[in-house]
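# Summary of structural features
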Amino acid sequence: MIRARSAPLPGGFRVQRWTRVSIASGVVTIAIIAVLAVVPFLFGADVTEQLTALLIFVILAVMWNALAGYGGLISVGQQAFIGLGAYGTIFLTQHGFAPYLAMVVAGLGSGAVAIPASLIMLRLRGGQFAIGMWVLAEVFGILVTLDTGLGGGTGVSLNGLNVFAPGYRQAYTFWLTLACATVLLGLVFILLRRRIGTSLQAVRDDEEAAASLGVNVVRSKRVLFVVAAAGCGIAGALYLANTLFIQTNSVFGVQWTAYMLFMVLVGGLGTFEGPIIGAIIFYLIQAQFGDSGAWYFVGLGATAIAFALFLPHGIWGSIDRRLQLRLLPVGYTLRKLETPAFGTGEPRADA
């Protein structure tokens with residue numbers, strides 16, 4: 001059971017992590033997940049497919065925010081693992097795996113591929129890391145194109161799901177996406193609340209200073225790198241299940257980084273709740289203007305620039321700074337205690 005525990009400090013201050021608001025929001029989050037689980041029973045395949053796409057965006061936004069917002073690893077190549085997850089699913093189904101099992105295995109396989117890749121990528125810093133990840137994505141895309149069994153550059157379909165009726169297929173895909181989103185967001189939440197989360201933020205702020213204080217910089221960054229890769233790989237596999245057809249240019253394209261950057265920038269970089277809000281906003285924009293061609297990308301870029309200039313902390317980041325509102329807290333809050341409440345003899349925390 002979650003309790004709003006706090007530690008009193010001299011000078012009338014109190015350090016808190018869970019508050020009544022955050023406990024209530026945790027309960028609401030569980031309720032939302034339960035409601036989403038029955039969506040396929042209440043709505044048609046179109047609504048189920050749309051919510052599946054939204055959950056995939058949520059996964060991608062949270063993974064990229066974990067890398068950049070908490071670890072300081074600005075990547076423009078996470079599409080490398082999105083593509084590996086999608087094409088890994090195709091490869092595994094061609095070799096006898098059940099489609100939905102193949103999606104999970106391919107996603108975890110993307111995380112496994114990230115381990116040797118991290119030996120090179122994590123030696124790079126700043127812009128070098130960003131460009132290095134882009135190059136890695138291009139290399140993976142070229143290797144897949146050379147494999148004619150995976151469709152080459154012409155694309156390939158996930159035929160293994162044809163055994164399911166469309167309504168059942170959408171329902172099963174949605175439930176797997178909801179389960180993966182819940183597990184991945186929960187994993188990132190727990191990871192950031194532990195000591196490694198504090199270490200990652202120290203590395204983000206000043207890597208040399210963090211190392212001088214005993215932080216194992218490489219290990220902390222590698223854990224985050226692998227988790228984000230596995231999350232993006234699972235998202236790629238789920239994207240394939242939702243669309244049934246992929247091409248190398250689509251799943252290995254840099255537009256995925258643009259989407260993730262937009263969601264995180266609009267929602268709030270370095271906040272847990274922000275990317276979720278950003279994913280919802282991005283989904284609504286895409287649903288409304290996604291067919292506008294080049295002007296759609298112009299609009300996304302202009303909106304991102306406007307947020308960077310006039311609301312640099314994003315929507316939730318600005319709310320958090322003004323109201324100190326943490327719905328799903330991964331850090332601690334320092335609050336000033338007021339004078340004792342009348343008739344209680346105990347100090348009252350300032351809201």
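The following paragraphs examine the structure supplied in this document. (Residues numbered from 1 in each chain as written. Predicted model: local features only at pLDDT ≥ 70, side-chain atom pairs only at ≥ 80, totals over all residues. Heavy atoms only, no water.)

### Some remarks on the overall build of the protein
- The helix and strand inventory of the protein stands at 15 helices and six strands.
- Taking as baseline every contact in the protein between residues at least 6 positions apart, the subset at least 24 positions apart corresponds to 74%.
- Here the protein has roughly 17,400 Å² of accessible surface; of this, 67% comes from carbon and sulfur atoms. (Helix = DSSP H or I, 4+ residues; strand = E, 2+ residues; numbered from the N terminus. Contact = heavy atoms within 4.5 Å. Areas by Shrake-Rupley, 256 points an atom, 1.4 Å probe, with all protein chains shown as cover.)

### Some remarks on the packing of helix H5 (residues 99–121) against helix H7 (residues 166–193)
- Where H5 contacts H7, the axes come no closer than 11 Å and their chain directions differ by 25°. Overall, the two elements H5 and H7 adopt an arrangement that is roughly parallel. Crossing angle aside, the handedness with which H5 passes H7 is right-handed. Where H5 abuts H7, its residues Tyr-100, Met-103 and Val-104 lie against Arg-169, Tyr-172, Thr-173 and Leu-176. (Axes fitted to C-alpha atoms, helices over the stretch in contact; angles between N-to-C directions. Parallel < 35°, antiparallel > 145°, perpendicular 65-115°, else oblique. Left-handed = near helix turned anticlockwise from the far one by under 90°.)

### Some remarks on the environment of Ile-120
- On the secondary structure map, Ile-120 appears in helix H5.
- Counting along the chain gives 12 residues from Ile-120 to Gly-132, while the straight-line C-alpha distance between them is 9.1 Å.

### Focus on the side chain of Thr-248
- Here Thr-248 is to be found in helix H11 (residues 248–251).
- Not counting the four nearest positions on each side in its chain, Thr-248 is found in contact with Tyr-87, Gly-141, Val-144, Thr-145, Gly-152, Gly-153 and Gly-253.

### Side note on the pattern of salt bridges
- By the definition in use, this model includes one salt bridge.
- Close ionic contact of Glu-208 with Arg-125 constitutes a salt bridge, the shortest N to O distance being 2.7 Å. With Glu-208 in helix H9 (residues 207–212) and Arg-125 in the loop between H5 and helix H6 (126–145), this pair connects stretches of sequence that are 83 residues apart.
- The partly exposed category is assigned to Glu-208, whose relative accessible area is 48%.
- The exposure class assigned to Arg-125 is partly exposed, which follows from its relative accessible area of 45%. (Salt bridge = Lys/Arg side-chain N within 4 Å of Asp/Glu carboxyl O. Buried < 20%, exposed > 50% of the residue type's maximum accessible area, 1.4 Å probe, protein only.)

### Regarding the packing of aromatic side chains
- Per the stated rule, a full pass over the model turns up 16 aromatic pairs.
- When the centroid spacing of 5.4 Å and the interplanar angle of 80° are considered together, the rings of Phe-164 and Tyr-172 count as edge-to-face.
- Each ring, one from Tyr-239 and one from Trp-256, has its centre 5.2 Å from the other, and the planes form 85°; the classification is edge-to-face. Separated by 17 residues along the polypeptide, Tyr-239 in helix H10 (residues 217–243) and Trp-256 in helix H12 (residues 255–267) bring together distant segments of the chain.
- Tyr-239 gets classed as partly exposed once you look at its relative accessible area, which sits at 23%.
- In textbook terms, an aromatic cluster arises when at least three aromatic residues are bridged by ring pairs, as seen for Phe-41, Tyr-100, Phe-164, Tyr-168, Tyr-172 and Trp-175. (Phe/Tyr/Trp six-rings, centres within 6.5 Å; stacked < 30°, edge-to-face > 60°.)

### Re the nonpolar core
- Residues Met-103, Phe-225 and Phe-272 are the most contacted members of the largest nonpolar core, which totals 82 residues.
- Of all the elements, helix H3 (residues 45–71) adds the most residues to this core, at 14 residues.
- If we skip the residues at most four places from it in the chain, Phe-272 touches Tyr-70, Leu-185, Val-188, Phe-189, Leu-192, Leu-328 and Val-330. (Core = buried A, V, L, I, M, F, W, Y, C linked by side-chain atoms within 4.5 Å.)

### So, helix H15 (residues 314–323)
- Buried within H15 are the following residues: Gly-314, Trp-316, Gly-317 and Asp-320. Take H15 and look down its axis: the buried residues cluster within an arc of 125°, on one side only. Summarising the geometry of H15, the exposed residues directed more than 90 degrees from the buried face are Arg-322 and Leu-323.
- On the buried face of H15, the contacting elements are H12, helix H13 (274–289) and helix H14 (294–310). (Arc of directions from axis to C-beta.)

### Observations concerning H3
- In a regular helix each residue adds 1.5 Å, so 27 residues correspond to 39 Å; H3 covers 38 Å between its end C-alpha atoms and thus fits that length.
- A maximum bend of about 30° is found in H3 at Asn-65.
- Across the 27 residues of H3, 20 count as buried, placing the element largely inside the fold. (Expected span 1.5 Å × (residues − 1). Bend = angle between axes of the 7 residues up to and from the residue.)

### Side note on unusual backbone geometry
- For Leu-244, which is not a glycine, the phi torsion comes out positive at approximately 70°.
- Relative to the helices and strands, Leu-244 resides in the loop between H10 and strand S4 (245–246).
- Residue Leu-244 is classed as partly exposed on the basis of its relative accessible area, which comes to 21%.

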